[in-house]
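Report on the structure
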Amino acid sequence: MLQRTFSIIKPDAFRKRYAGAILAEIEKAGFKIVAIKRLSISKTQAEGFYYVHKDRPFFPSLTTFMSSGPIIPMVLEKDNAIADLRKLMGATNPANAEEGTIRRKFAASIEENAIHGSDAEDTAKFEIGYFFAGYELA
Ligand code: GDP
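Report on the accompanying structure. Note that the structure is a prediction, hence the values are computed from the model and not measured. (Residues numbered from 1 in each chain as written. Predicted model: local features only at pLDDT ≥ 70, side-chain atom pairs only at ≥ 80, totals over all residues. Heavy atoms only, no water.)

**Focus on the packing of aromatic side chains**
The tally for this structure, following the rule as stated, stands at ten aromatic pairs. Judged by centre distance (5.0 Å) and plane angle (55°), the ring pair of Tyr 18 and Phe 106 falls under tilted. Taken together, the residues Tyr 18 in the loop between helix H1 (11-15) and helix H2 (19-28) and Phe 106 in helix H6 (residues 102-106) connect sequence positions 88 residues apart. On the accessibility criterion, Tyr 18 (29% relative accessible area) is partly exposed. (Phe/Tyr/Trp six-rings, centres within 6.5 Å; stacked < 30°, edge-to-face > 60°. Helix = DSSP H or I, 4+ residues; strand = E, 2+ residues; numbered from the N terminus. Buried < 20%, exposed > 50% of the residue type's maximum accessible area, 1.4 Å probe, protein only.)

Set out below in structure tokens:
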């Protein structure tokens, strides 16, 4: 089933000039880029995006990191996009990420882990709507 998911190239990967290489991996894996932009977000905007993690001990650090520099949010489409992107990303902690995954190749730590990807249909919907207006997805 053709499905859309949401992804972000995180500030660590942008800073290291890995954005192009990560986008190449995503396209090579069969995803179509439906929408994409480059922007910086405030700490408050990062807190809104990650509100599900608001009670986790790493929430202050994560939201400082996500607002520390430019990011590239995007909407991606393919069959089974949500699960397939998670597989392509690899485990949250790059030390546990499988060979060939984006996090294994480009992530530095459990927090600065290069890429975000939605984990379910309802979160994908929320996350797409957080960064993109309807007319950008037409
Ligand atoms: P994901 O779905 O693989 O991105 O992982 P989660 O939804 O569990 O966590 C969201 C993001 O919070 C991760 O991608 C990391 O950037 C960060 N994070 C997760 N776990 C930890 C942790 O134990 N410590 C720190 N510092 N950051 C974490």
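Having seen it, we continue.
**A few points about the site of the ligand**
Contacts to the ligand come from Lys 10, His 53, Phe 58, Leu 62, Arg 86, Thr 92, Arg 103, Ile 110, Glu 111 and Asn 113. Glu 111 is positioned such that a nitrogen or oxygen atom in its backbone is 2.9 Å from an oxygen atom of the ligand. Within the complex, the protein chains bury 78% of what would otherwise be the 550 Å² of accessible surface of the ligand. Split into classes, the residues belonging to the shell around the ligand amount to three nonpolar, three polar and four charged. (Near = heavy atom within 4 Å. Polar contact = N/O pair within 3.5 Å; in protein donor to acceptor, adjacent residues only side chain to side chain. Areas by Shrake-Rupley, 256 points an atom, 1.4 Å probe, with all protein chains shown as cover. Nonpolar A, V, L, I, M, F, W, Y, C, P; charged D, E, K, R; others polar.)

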